[in-house]
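# Summary of the model geometry
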Amino acid sequence: MSAKDEDGEHMGEQTTDRLVTTPTTDTRRPAYGLGRVLILVYGIFAVAASARASVQLLRNAAEAPLAYSLSALAGVVYIVATVALAHNGRRMRRVGWIAVVFELVGVLTVGTLSLWHPELFPHDTVWSRYGSGYGYVPAVLPLLGIAWLWHSSPARVVARAERA
């Protein structure tokens, strides 16, 4: 059977064949080994940055609104990254990539600005001076997140299994 548009032009063949799929369950664990440690560290930073920003914004937001708002943003980014890294789904991996790359850009941008223009940050943020107040973990964490997302890519895991 062929379909025609309003002008009578041939649009292509229509078929009644349907793709049949069978439901499956993803039985893979969300993360293992070092991945779980990475997710734990992200979770700790999510709680720490969110709690710190909440207290700062509630107590005296007018003192350093930019710094405190950036700490709140860092907290949200850490929460999103934690949840995304803990899941295997395609969308969550994409969200994880976005969150971790955004985090890296944030750390590099805020870290650089806090060194070149310290007057912009009368109080520290999580990302000030590349995370020096947190032992530079905020500078290293997105690099570890990127490495984990790259290493644990489903396509890469399958390719490694096929080579073995």
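To keep things clear, this report deals only with the structure shown in the data block. What you see is a predicted model, and the numbers here were worked out from it, not measured in a lab.

Rules of the game
Residues numbered from 1 in each chain as written. Predicted model: local features only at pLDDT ≥ 70, side-chain atom pairs only at ≥ 80, totals over all residues. Heavy atoms only, no water. Helix = DSSP H or I, 4+ residues; strand = E, 2+ residues; numbered from the N terminus. Contact = heavy atoms within 4.5 Å. Areas by Shrake-Rupley, 256 points an atom, 1.4 Å probe, with all protein chains shown as cover. Patch = residues over 30% accessible without salt bridge, like charges linked within 9 Å, V, L, I, M, F, W, Y side chains within 5 Å. Salt bridge = Lys/Arg side-chain N within 4 Å of Asp/Glu carboxyl O. Phe/Tyr/Trp six-rings, centres within 6.5 Å; stacked < 30°, edge-to-face > 60°. Buried < 20%, exposed > 50% of the residue type's maximum accessible area, 1.4 Å probe, protein only. Axes fitted to C-alpha atoms, helices over the stretch in contact; angles between N-to-C directions. Parallel < 35°, antiparallel > 145°, perpendicular 65-115°, else oblique. Left-handed = near helix turned anticlockwise from the far one by under 90°. Nonpolar A, V, L, I, M, F, W, Y, C, P; charged D, E, K, R; others polar. Core = buried A, V, L, I, M, F, W, Y, C linked by side-chain atoms within 4.5 Å.

The next point concerns the overall build of the protein chain. Broken down by element type, the protein chain carries 5 helices and 2 strands. Helices and strands in the protein chain line up, N terminus first, as β-β-α-α-α-α-α. Of the contacts formed within the protein chain by residues at least 6 apart in sequence, a portion of 60% connects residues at least 24 apart. Of the roughly 10800 Å² that the protein chain leaves accessible, carbon and sulfur atoms contribute 64%.

Moving on, we get to a nonpolar patch on the surface. Together, Trp97, Val101, Val105 and Trp150 make up an exposed nonpolar region whose accessible area comes to about 370 Å². Per-element tally for the nonpolar patch: the top contributor is helix 3 (residues 90-116), with 3 residues. Along the chain, the position of Trp150 falls in helix 4 (residues 137-151).

It is worth spelling out the packing of aromatic side chains at this point. Following the criterion strictly, the structure yields 3 aromatic pairs and no others. A ring pair is formed by Tyr42 and Tyr78, whose centres lie 6.0 Å apart and whose planes are at 55°; its orientation type is tilted. Of this pair, Tyr42 sits in helix 1 (residues 34-60) while Tyr78 sits in helix 2 (residues 65-85); the two residues are 36 residues apart in sequence, bridging distant segments of the chain. Comparing Tyr42 with Tyr78 shows no difference in burial state: the two are buried. Consider the rings of Phe45 and Tyr134, whose centres lie 5.5 Å apart with planes at 50°: the pair is tilted. One end of the pair, Phe45, is in helix 1; the other, Tyr134, is in the loop between helix 3 and helix 4, and 89 residues separate them in sequence. Relative accessible area serves as the criterion here: at 24%, Tyr134 is assigned to the partly exposed category. These aromatic residues form a ring-pair network of at least three members: Tyr42, Phe45, Tyr78 and Tyr134.

Where helix 2 contacts helix 3, the axes come no closer than 8 Å and their chain directions differ by 150°. The orientation of helix 2 with respect to helix 3, classified from their angle, is roughly antiparallel. You can see that helix 2 and helix 3 cross each other, and the crossing is left-handed. In this structure, helix 2 uses Leu70, Leu73, Val77, Tyr78, Val80, Ala81, Val83 and Ala84 to contact helix 3, whose residues at the interface are Met92, Val95, Gly96, Ala99, Val100, Phe102, Glu103 and Val110. Split into classes, the residues belonging to the contact of helix 2 with helix 3 amount to 14 nonpolar, 1 polar and 1 charged.

One finds Leu38, Tyr42, Tyr78, Leu85, Val126, Trp127 and Leu141 to be the most contacted residues of the largest nonpolar core, which totals 25 residues. If you list the elements that add at least two residues to this core, you get helix 1, helix 2, helix 3 and helix 4. The dominant element in this core, judged by the number of residues it contributes, is helix 2, at 8 residues. Among residues more than four places away in sequence, those in contact with Leu38 are Leu85, Leu141, Leu144, Gly145 and Trp148.

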